[in-house]
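Here is how the chains run, residue by residue.
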Amino acid sequence: MAKKSDKKIIYKKEKEMPPSAISFYSMDYNKTGSWRNFRPVIDYEKCTLCMVCWKFCPEAAIKLEKTKKKGKEEVKPVIDYEYCKGCGICWEECPTRAIDIEEETN
Amino acid sequence: MRKVLTGNHALSYGAKLSRAQVISAYPITPQTEVVELLSQMCASGELKAKFIKVESEHSAMASLIGASAVGVRTFTATSSQGLALMHEMLHWAAGARTPVVMGNINRAFAPPWSVWTEQNDSLSQRDTGWMQLYAQNNQEVLDSVIQAYKVAESLDLPAMVVLAAFVLSHTSETVDIPAQEKVDEFLPTYKREYKLDPDEPHAFGGLTKPDNYFELRYKIQKAMEKALNKWEEVGEEFEAFFGRKYGLVETYKVSDAKNLIVSSATIASTARNAVDSLREKGKKVGLLRIRVFRPFPAEMIRRILSSVDKVIVIDRNIGFGSSGIFCQEVKAAMYNEKNTPPIFGVIAGLGGRDVTSKNIIEIYEDVIKMEEPESDIIWKDLKI
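Anyway, here's the lowdown on the structure attached to this text. Since we're looking at a predicted model, the values are computed, not measured. Sequence positions are assigned chain by chain, starting from 1 and proceeding in written order. A letter from A marks each chain and a number from 1 marks each ligand, given out in the order of writing. Local features are withheld for residues below a pLDDT of 70 in this predicted model, meaning they are given only at 70 or higher, and side-chain atom pairs are given and counted only at 80 or more; totals for whole chains, interfaces and linings count all residues. Excluding hydrogens and water, the side-chain values take into account all heavy atoms of the structure.

1. As for the packing of helix α1 (residues 7–17) of chain B against helix α2 (residues 32–44) of chain B
Residues and elements named next belong to chain B.
Moving on, step 1. Here an angle of 0 to 180 degrees is reported between the N-to-C directions of two axes, which are lines fitted to C-alpha atoms, with helices fitted over the stretch in contact. Numbering of helices and strands runs from the N terminus, with a helix taken as a DSSP run of H or I at least four residues long and a strand as a DSSP run of E at least two residues long. One can describe the packing of α1 onto α2 by two numbers: an axis separation of 8 Å at closest approach and a directional angle of 40°. In this view, α1 runs oblique relative to α2, as classed from their interaxial angle. For α1 against α2, the interelement crossing comes out right-handed. On α2, the residues that touch Asn 8, His 9, Leu 11, Ser 12, Tyr 13, Ala 15 and Lys 16 of α1 are Glu 33, Val 34, Leu 37, Leu 38 and Met 41.
Moving on, step 2. Residue classes follow a fixed rule: Ala, Val, Leu, Ile, Met, Phe, Trp, Tyr, Cys and Pro count as nonpolar, while Asp, Glu, Lys and Arg count as charged, and any other residue, Gly among them, counts as polar. Split by residue class, the contact of α1 with α2 holds seven nonpolar, three polar and two charged. Note that the term roughly parallel is reserved for angles under 35 degrees, roughly antiparallel for angles over 145, roughly perpendicular for angles of 65 to 115, and oblique for everything else. Should the near helix be turned counterclockwise from the far one by less than a right angle, the crossing is left-handed, whereas a clockwise turn marks it as right-handed. The contact criterion used is simple: two residues touch if any of their non-hydrogen atoms lie within 4.5 Å.

2. Observations concerning the sheet that holds strand β9 (residues 249–252) of chain B
Residues and elements named next belong to chain B.
Moving on, step 1. In this analysis, strands are considered paired if DSSP registers two or more bridges between them. In space, the six strands of this open sheet follow the order β9-β11-β10-β13-β14-β15, with mixed pairing throughout. Across the chains shown, the open sheet's two edge strands, defined by having one partner strand only, are β9 and β15 (378–379).
Moving on, step 2. Inspection of the sheet shows β9 paired to strand β11 (residues 285–290) by four bridges, in the antiparallel sense. Residue Tyr 252 lies in a different strand from β11, and its bridge partner there is Leu 287.
Moving on, step 3. The strands touched by helix α9 (residues 265–280) within the sheet are β9, β10 (259–263), β11 and β13 (310–315), with β11 carrying the most contacts at an inclination of about 170°.
Moving on, step 4. Helix α11 (residues 325–334) rests against β10, β11, β13 and β14 (343–347) of the sheet, and its axis sits at about 145° to β13.

3. As for the nonpolar core
All names here are of chain B.
Moving on, step 1. Among the buried residues, those of types Ala, Val, Leu, Ile, Met, Phe, Trp, Tyr and Cys that are joined through side-chain atoms within 4.5 Å form a nonpolar core. The classification of residues rests on relative accessible area computed with a 1.4 Å probe and restricted to protein chains. Under 20% of the type maximum is buried, over 50% is exposed, and intermediate values are partly exposed. One finds Met 61, Phe 75, Leu 305 and Val 330 to be the most contacted residues of the largest nonpolar core, which totals 98 residues.
Moving on, step 2. Residue ranges assigned to the domains are those given by an automatic or database domain assignment. Residues from two domains meet in this core; each of domain 1 (2–242) and domain 2 (249–379) gives at least three.
Moving on, step 3. Look past the residues within four positions of Met 61 in its chain and what remains in contact with it is Thr 76, Met 86, Met 89, Leu 90, Ala 93, Val 100, Met 102 and Trp 130.
Moving on, step 4. Counting residues in each nonpolar core, the second largest holds 21 residues, with Ala 274, Ile 314, Val 346 and Val 355 among its members.

4. Brief notes about a negative patch on the surface
Moving on, step 1. Residues qualify for a patch when their relative accessible area is over 30% and they have no salt bridge, like charges being joined within 9 Å and the nonpolar side chains of Val, Leu, Ile, Met, Phe, Trp and Tyr within 5 Å. All accessible areas in this document rest on Shrake-Rupley with a 1.4 Å probe, and a residue is counted as covered only by the protein chains that are shown. Note on definitions: salt bridges are taken to be side-chain nitrogens of Lys or Arg within 4 Å of carboxyl oxygens of Asp or Glu. We count Lys and Arg on the positive side and Asp and Glu on the negative side, and we leave His and both chain ends out. Charge placement uses NZ in Lys and CZ in Arg. For Asp and Glu, CG and CD serve respectively. A cluster of acidic residues, Asp43(A), Glu45(A), Asp100(A) and Glu102(A), forms a negative patch at the surface.
Moving on, step 2. For Asp100(A), the position within the fold is in strand β4 (residues 99–103).

What follows is the structure, encoded as structure tokens:
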């Protein structure tokens, strides 16, 4: 996928312009993590790997990562802070209160 | 194959024959039977579609916009409050240029609660960018769904097939159900150029600055203008396939008519009887039925109305603070014509009050005595 281009697109011909607004690249470049005022942090001691946070995250900013715990393979939720906007939905939804939320200081 | 169908089931069969691939809906009287039958067809495997049960009409339309953006054929149906709840998403469907097709059964808005017919629900969606078509019988309901997909998908515009509550929705009529193979030939699979595709990610409908937004709106209007010809073209093609002809408008006994009744939907089909009775009494009257309301066939209407003496527009709706909505549109279309006949606006049948052939004859005889309209609204059958 092409990266974000700062070039301004001005269409001169009707046919060249798509019928609706569409980006010509993936929106991956748009790192929304900088919007965050509150940072959710997962306490893996309390986390039961139920994946409720992964399901509820509206930005798909919680990724599933394969790890090994006591020699056993498991999948755990990991917050991607490059995209997490700090909405707090994961913190609200976590059934075991394994997610804490801290104020961003920088 | 001929079958006795309600207007509701005619919509379901229209969607089934068009091979809708995603159906998402929330029930509301009088629309409920439309999705009830479709859900049964999906459950039995008769229709290979994904049926999404949602918590509101807003979600129904939102899910169809997503599905349509992927490039599949989508269908839903609703009525009155449900359509109003969809309003935001109706704008979105048009702006995203997703050719969703929906049925709307005209039901009067609450309060006070009503389940009977009135056109204010669909007409208050006039400026959303949806095409709107008002059917007069159940055969036309079924046929129009198939045609709507063909027009909608060729221009990336959503379309609404509108029918009257109870007068059509719950009335059984004989309907010819075309053979599936013939419909498949008439309506090929939907192919979308700009698709939602995880393998080739794009953002759709993102923030667009004034330097491009203006032209995107222009393009919706251009597509609407092209749709005028497209509806006519598809109507003719439909006749070649299935033997039934449809167009933007329908005329009845207009060639030698001195005065014309203009109306839509089921009032227009009843008006045909009234025209016959008046003709027997020697009155030179004809009927113009407006079938497609968006895009508005202004040019065609100008051609038909500029040669008559008087025009009576009967509206089963009201633009509060102004007048009947079809009447406003007809007047606007005629304003710059040199020979504009006086246009009389009649409001009748709000909240599903019956508009019979006798009522229409009375309207004609009362109005025709007047030289010019004395007010913007002539109320028919007002009891207070």
